Amino acid sequence: MSEVLPSKSLYAKREPVYPKAVDGTFRRLKWLVMAVTLTIYYATPWLRWDRGPYAPDQAVLVDLAGRRFYMFGIEIWPHEFYYVAGLLIMAGIGLFLVTTVAGRAWCGYACPQTVWTDVYQHVERWIDGDRNAQIRLAKAPWSTSKITKRVAKHAVFIAIALATGGAWIFYFADAPTLFRDFVAGDAPFVAYATVGVLAGTTYLFGGFMREQVCIYMCPWPRIQTAMLDEKSLIVTYKDWRGEPRHRGTKKATLEDLKLGDCIDCNQCVAVCPTGIDIREGPQVGCITCALCIDACDKVMEQIGRPRGLIDYATLEDCRTEAAGGTPKPLLKTIFRPRTLIYFAFWAAIGLAMLFALGARTRIDMSVQQERNPIYVRLSDGHIRNSYTVKVRNMEARPRKVEIAMEGLPQAVTWTVDGSRETAGTSVPLDVPADSVAKLKLFVAAPEGGAAEEAFAFTVRSLDSEGETDRVDARFERPEAGQ
C-alpha cells in the first residue's frame, strides 16, 4: 500500500512592507509629479470657462444628461465620440512610448495606484514614524497609544478616500451646485453610491493592498515585457561592479580583496515601496520608481565610492560598461528607430485630431424619409414625399438656418404646419443654442419622372459664418402606368 504524503500548501502569507523615507533626485521628482497630478485631479472641476449664456461654465464637464463633453474651449457631441477614441489611442501609444524609453516610469510616478499609495505611506510616517518605528509599533501589544495612532491614521485614510471619491463626481455635474446638494443630502442617489464605491476602493487599495495591486492585480507588468528590449532604460543593479558583497571593509582593501562596491546595507530594499530586492534583477514587482537609486547613491557617497551602483541603464549599456567600454549618450538611447516610430504614430493621431477639430463645422443635418406611406399623389397630379429633418446647432447661441433642396427640378417643399400655397424651394428654421431642432417636411414634384430620383437637402446658417451641410436623399414616385 503506497504511503500518502501530506499535501503542502502553496499559500504564502503577505509580508507587510514598511518603506523607509529617502531623499534624492527621484524622490523629489515623485513629490513634484504627486503635487501636479493631485492638484489637477482635485482642482479641475472647480475651474470656470465662459461659454456664453447658453452653455455650462465649468471648464471640464462630462454632461451625461445633455450628452456633451466639455474641455475648456472644446465641446464634444455624442456623434463625435471618435475624438475620445483618438485620445484613448494616443494614451495607449504614449504608454508604449514611455515604457520603451524608460520601462515602467508610468507605474513608478503617475499611476493613480502609485500616487495614492504614496500619499497613504506619507500619512503613515507622519503618524506612526518611519520604517523602524512602524515595525516596532506593529509588533507592540495593543495599548492606548497604539489604538490612538491606529484610529488617527485610518481616520485620515478615510478622509482622503472620501475626498478622492467626492472629487470624481464633480466632473459630471456643476461642482459648486453638486457640492451644496451633496452636503445637504439632496444629491441624487447615484452620487452617494459613486462616492461610496470610489472611497471604498481607494481606502482598500491605498491603505491595505498597496503593492499587491501592482504585483498581482495589474496586467501591465506582464504586458510591458513586450514593450521592453535591451535598449530600454530600466532601474538596474550593476552586479559586475557590486559583487562580491561585503560588510564594513575599508576602502583601501577593496581592490586588494577584489570585493565589490555593495556593502549589503539593504537600504535599496528598505526604501522600495513594493519590498523587492533590485539586486536580484528585473522583477514584476519593480515599478521603476528609482527610490533605490537615491538610497544607494547616498550610501556610495558615504563610503567614498562612485554613484550609480544602482542606476537607470539599458542592458546593452550594462554589457558595454562591464566590458570596460563607454555607454551610449542618453539622447542616442532615447531617440532610436523604435521610439521615433511610436512618437510618429502618436503625433500623427494628435495632429489629425487637431486638424479635424479646426475644420469641423458647428452645424449639421440628418434626414430620414418617411416610409408609411412612401408617396402620396396630390389632386393636381404632383407626387409628395415626407421627410424628417434634424438640424444640430453646436454653437452656444441660437442660430437661424435655411433648409433647401438641390437636384430635384420643379420641386417645392413646405413644413407639416404650413400649406402648399406657401411652398417654395427652401424653408427657414430657428435652432436653439446647443441643441437639435426637428422638422417634418413635405416635398412635392411633378409626376412623370424616374421612379426613384436622387437629390439632396442642404442647410445653411444665415449668420456671418454661413456654415453649410449637405445630405443625400431620394424622391420616390409610382412606376409608370400605376
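See the structure shown above.
Below you will find a few notes about this structure.

## So, the pattern of salt bridges
Item 1. Evaluated as defined, the whole model comprises 43 salt bridges.
Item 2. Ionic pairing is found between Glu301 and Arg307, a salt bridge with its closest N-O pair at 2.5 Å.
Item 3. Given the relative accessible area of 47%, Arg307 is considered partly exposed.
Item 4. Residues Arg477 and Glu453 are paired through a salt bridge, measuring 2.8 Å at the closest nitrogen-oxygen approach. Placement of the pair is Arg477 in the segment after β14 (468-476) and Glu453 in strand β13 (residues 452-461), with a sequence separation of 24 residues. You'll find Arg477 and Glu453 in the same group, each marked buried.
Item 5. In the salt-bridge network here, residues are joined through shared partners; they are Glu124, Asp128, Arg150, Lys153 and Arg210.

## Some points on unusual backbone geometry
Working note: non-glycine residues mostly have negative phi, and peptide bonds are mostly trans.
Item 1. Of the consecutive residues Glu243 and Pro244, the connecting peptide bond is found in the cis state with omega at -5°.
Item 2. Within the secondary structure, Pro244 sits in the loop between α11 (239-242) and α12 (251-257).
Item 3. Note that the residue after Asn372, namely Pro373, is joined by a cis bond; omega there is 0°.
Item 4. Within the fold, Pro373 resides in the loop between β6 (363-369) and β7 (376-377).
Item 5. At Arg67, a position not held by glycine, the phi torsion is positive, near 55°.
Item 6. Its location among the elements puts Arg67 in the loop between β1 (60-63) and β2 (68-71).
Item 7. A positive phi is found at Arg210, a non-glycine position, where the angle reads about 45°.
Item 8. The residue Arg210 is located in the loop between α8 (189-209) and α9 (211-217) in this model.

## A closer look at the packing of helix α1 (residues 25-43) against helix α14 (residues 291-303)
Item 1. At their nearest, the axes of α1 and α14 sit 7 Å apart, and the two run at 145° to each other. Of the residues in α14, those touching α1 at Thr25, Phe26, Arg27 and Lys30 are Leu291, Ile293 and Asp294.
Item 2. Residues of the contact of α1 with α14, tallied by class, amount to three nonpolar, one polar and three charged.

## Here we look at the sheet that holds β2
Item 1. Pairing within the open sheet is antiparallel, and its three strands lie in the order β1-β2-β3. The open sheet terminates on both sides in strands that have one partner only, identified here as β1 and β3 (74-76). Sheet twist, expressed as the mean angle between neighbouring strand axes with direction ignored, is 10°.
Item 2. Of the strand pairs in this sheet, β2 and β3 are connected by three bridges, and their pairing is antiparallel. Across the sheet, Met71 pairs through a bridge with Ile74, a residue of β3.

Cut-off values and rules
Residues numbered from 1 in each chain as written. Predicted model: local features only at pLDDT ≥ 70, side-chain atom pairs only at ≥ 80, totals over all residues. Heavy atoms only, no water. Salt bridge = Lys/Arg side-chain N within 4 Å of Asp/Glu carboxyl O. Buried < 20%, exposed > 50% of the residue type's maximum accessible area, 1.4 Å probe, protein only. Helix = DSSP H or I, 4+ residues; strand = E, 2+ residues; numbered from the N terminus. Axes fitted to C-alpha atoms, helices over the stretch in contact; angles between N-to-C directions. Contact = heavy atoms within 4.5 Å. Nonpolar A, V, L, I, M, F, W, Y, C, P; charged D, E, K, R; others polar. Pairing = 2+ DSSP bridges.

This is a description of form; function is not addressed.
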